[in-house]
Amino acid sequence: MNLIRAQRACDSIERGSSADCDNLPVGGTEARLILINTSDIVGYTEDSDLNITDIELDGGATAFEFLGFRNDMKGTQETITPDVGPTRFKHGVGLNIYELTQVQKNNIEKIARGNVVAILENRGKDENAHEVFGKGVGLQIVPGVIRNAHENGGLYVLSLATPDGEGLTEPKLPQTLKITGSGSQYENNLAFIEDLLPAS
């Protein structure tokens, strides 16, 4: 009986969905990606709907901004069906880096060896625009070619995802960032993200 109750708690849907032809989601993402070292995150605050309402960083720690053009930043979400237990999820983000300096190469090496959380902005500039990827187990580099001088303009093209081969998966889809404040939801999120970045 307890097993059935647990399964219902994890698997029972709680609402349907309908299409609003006047307010269909806008596809794609903005050309901006925020990365945070998982080791710098003290904790998260969520509301009753599981929106993330705060990300607390260790004293002095900051997030880092990566900018590009058009569709340079990408987000993906996959379902994973393990042999045991409920369906889990795999998060992924992609970014292009236009700098070929040694300083940036040093930084890319750290990304390749590190574990990060990402904030990605969907197009539309609405209250659901910002999503947090990798909250549970973080994102790591996807092995493979990251630069080919004869393709993609010779840029660095990085893919980060829930780690493969380590038995790690995310318990939830990427969660929506919803920061309270005096402006619109979108404006509040932007102001919060700016506060996470290094002072200019």
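Please refer to the structure placed before this passage.
Residues numbered from 1 in each chain as written. Predicted model: local features only at pLDDT ≥ 70, side-chain atom pairs only at ≥ 80, totals over all residues. Heavy atoms only, no water.

*Asks:* How do you make sense of the side chain of Asn 115 when you look at a structure like this?
*Replies:* Relative to the helices and strands, Asn 115 resides in the loop between helix H2 (102-113) and strand E7 (116-122). A distance of 3.3 Å separates a polar atom in the side chain of Asn 115 from the backbone oxygen of Val 137. Setting aside anything within four residues of it in sequence, one finds Asn 115 in contact with Ile 36, Asn 37, Thr 38, Val 137, Gly 138, Leu 139 and Gln 140. (Helix = DSSP H or I, 4+ residues; strand = E, 2+ residues; numbered from the N terminus. Polar contact = N/O pair within 3.5 Å; in protein donor to acceptor, adjacent residues only side chain to side chain. Contact = heavy atoms within 4.5 Å.)

*Asks:* When you look at the side chain of His 130 in this model, what are you seeing that I'm missing?
*Replies:* Summarising the element assignment, His 130 is placed in strand E8 (residues 130-133). The exposure class of His 130 is buried, given its relative accessible area of 1%. If we ignore the near neighbours within four places in the chain, the residues touching His 130 are Ile 119, Leu 120, Glu 121, Gln 175, Thr 176, Leu 177, Tyr 186, Asn 189, Leu 190 and Ile 193. (Buried < 20%, exposed > 50% of the residue type's maximum accessible area, 1.4 Å probe, protein only.)

*Asks:* What is the right way to read the sheet that holds E7 from this model?
*Replies:* If you trace the five strands from one edge of the open sheet to the other, you get E4-E1-E7-E8-E11, paired in antiparallel fashion. Looking along the sheet, the strands with just one partner apiece sit at the ends: strand E4 (64-67) and strand E11 (175-176). Pairing of E7 with E8, which is carried by four bridges, proceeds in the antiparallel orientation. Across the sheet, Ala 118 pairs through a bridge with Phe 133, a residue of E8. On the sheet, helix H3 (residues 185-196) packs against strand E1 (29-37), E7 and E8 and is oriented at approximately 45 degrees with respect to E1. (Pairing = 2+ DSSP bridges. Axes fitted to C-alpha atoms, helices over the stretch in contact; angles between N-to-C directions.)

*Asks:* I would appreciate a short explanation of the pattern of salt bridges in the present structure.
*Replies:* A side chain of one charge can pair with a side chain of the opposite charge if their charged atoms are brought near each other. Counted according to the given criterion, the structure contains seven salt bridges. The partner of Glu 46 in a salt bridge is Lys 135, and the shortest N-O contact between them spans 2.8 Å. Taken together, the residues Glu 46 in strand E2 (residues 41-46) and Lys 135 in the loop between E8 and strand E9 (140-141) connect sequence positions 89 residues apart. On the basis of relative accessible area, Glu 46 is assigned to the partly exposed category, the value being 30%. Between Lys 178 and Glu 127 there is a salt bridge, with its nearest N and O atoms 3.9 Å apart. With Lys 178 in the loop between E11 and H3 and Glu 127 in the loop between E7 and E8, the pair connects residues that are 51 residues apart, well separated along the chain. The exposure class of Lys 178 is buried, given its relative accessible area of 16%. The network of salt bridges with common partners includes Arg 32, Glu 65 and Glu 194. (Salt bridge = Lys/Arg side-chain N within 4 Å of Asp/Glu carboxyl O.)

*Asks:* Before we go on, may I ask you to explain the pairing of E2 in this structure?
*Replies:* Successive side chains on a regular strand alternate, one facing one side of the sheet and the next facing the other. Relative to strand E3 (residues 52-57), E2 is paired through five bridges, and the arrangement is antiparallel. Opposite Glu 46, over in E3, you have Ile 52 as the bridge partner. Here E2 folds back onto E3 in antiparallel fashion, the turn holding five residues, of which Leu 50 has a positive phi close to 75 degrees.

*Asks:* Help me out: how do you make sense of the environment of Pro 163 in this one?
*Replies:* Positionally, Pro 163 belongs in the loop between strand E10 (156-161) and E11. A residue is classified by how much of its surface remains accessible, and Pro 163, at 7% relative accessible area, is buried. If we skip the residues at most four places from it in the chain, Pro 163 touches Val 137, Gly 138, Gln 140 and Leu 168.

*Asks:* So what exactly am I meant to see when it comes to the nonpolar core here?
*Replies:* Nonpolar side chains in soluble globular proteins generally cluster together in the buried interior. Ranked by size, the top nonpolar core spans 17 residues in total, and within it Leu 33, Leu 35, Leu 95 and Leu 160 carry the most contacts. Of all elements in the fold, only E1, strand E6 (88-97), H2, E7 and E10 reach the threshold of two or more residues within this core. Filtering out sequence-adjacent residues up to four positions away, Leu 160 remains in contact with Leu 35, His 91, Gly 92, Val 93, Leu 95, Ile 111, Val 116, Leu 139, Gln 140, Ile 141 and Val 142. Listed in part, the 16 residues of the second largest apolar core include Ile 52, Ile 179, Ile 193 and Leu 197. (Core = buried A, V, L, I, M, F, W, Y, C linked by side-chain atoms within 4.5 Å.)

*Asks:* Sorry, what's going on with the packing of aromatic side chains here?
*Replies:* How two aromatic rings sit relative to each other is set out by the distance from centre to centre and by the angle between their planes. Tallying each qualifying case throughout the model produces one aromatic pair. Between the aromatic rings of Phe 69 and Tyr 98, the centroid separation amounts to 5.3 Å while the plane-to-plane angle is 85 degrees, which identifies the pairing as edge-to-face. In this pair, Phe 69 sits in the loop between E4 and strand E5 (74-80) while Tyr 98 sits in the loop between E6 and H2, placing the two residues 29 residues apart along the sequence. Here Tyr 98 falls in the partly exposed class, since its relative accessible area comes to 35%. Positioned above the aromatic ring of Tyr 44 is the side chain of Lys 135, whose terminal nitrogen or guanidinium carbon lies 5.2 Å from the ring centre. Above the plane of the ring of Tyr 156 lies Arg 147, whose end atom (NZ or CZ) is 5.8 Å from the centre. (Phe/Tyr/Trp six-rings, centres within 6.5 Å; stacked < 30°, edge-to-face > 60°. Lys NZ or Arg CZ within 6 Å of the ring centre and 35° of its normal.)

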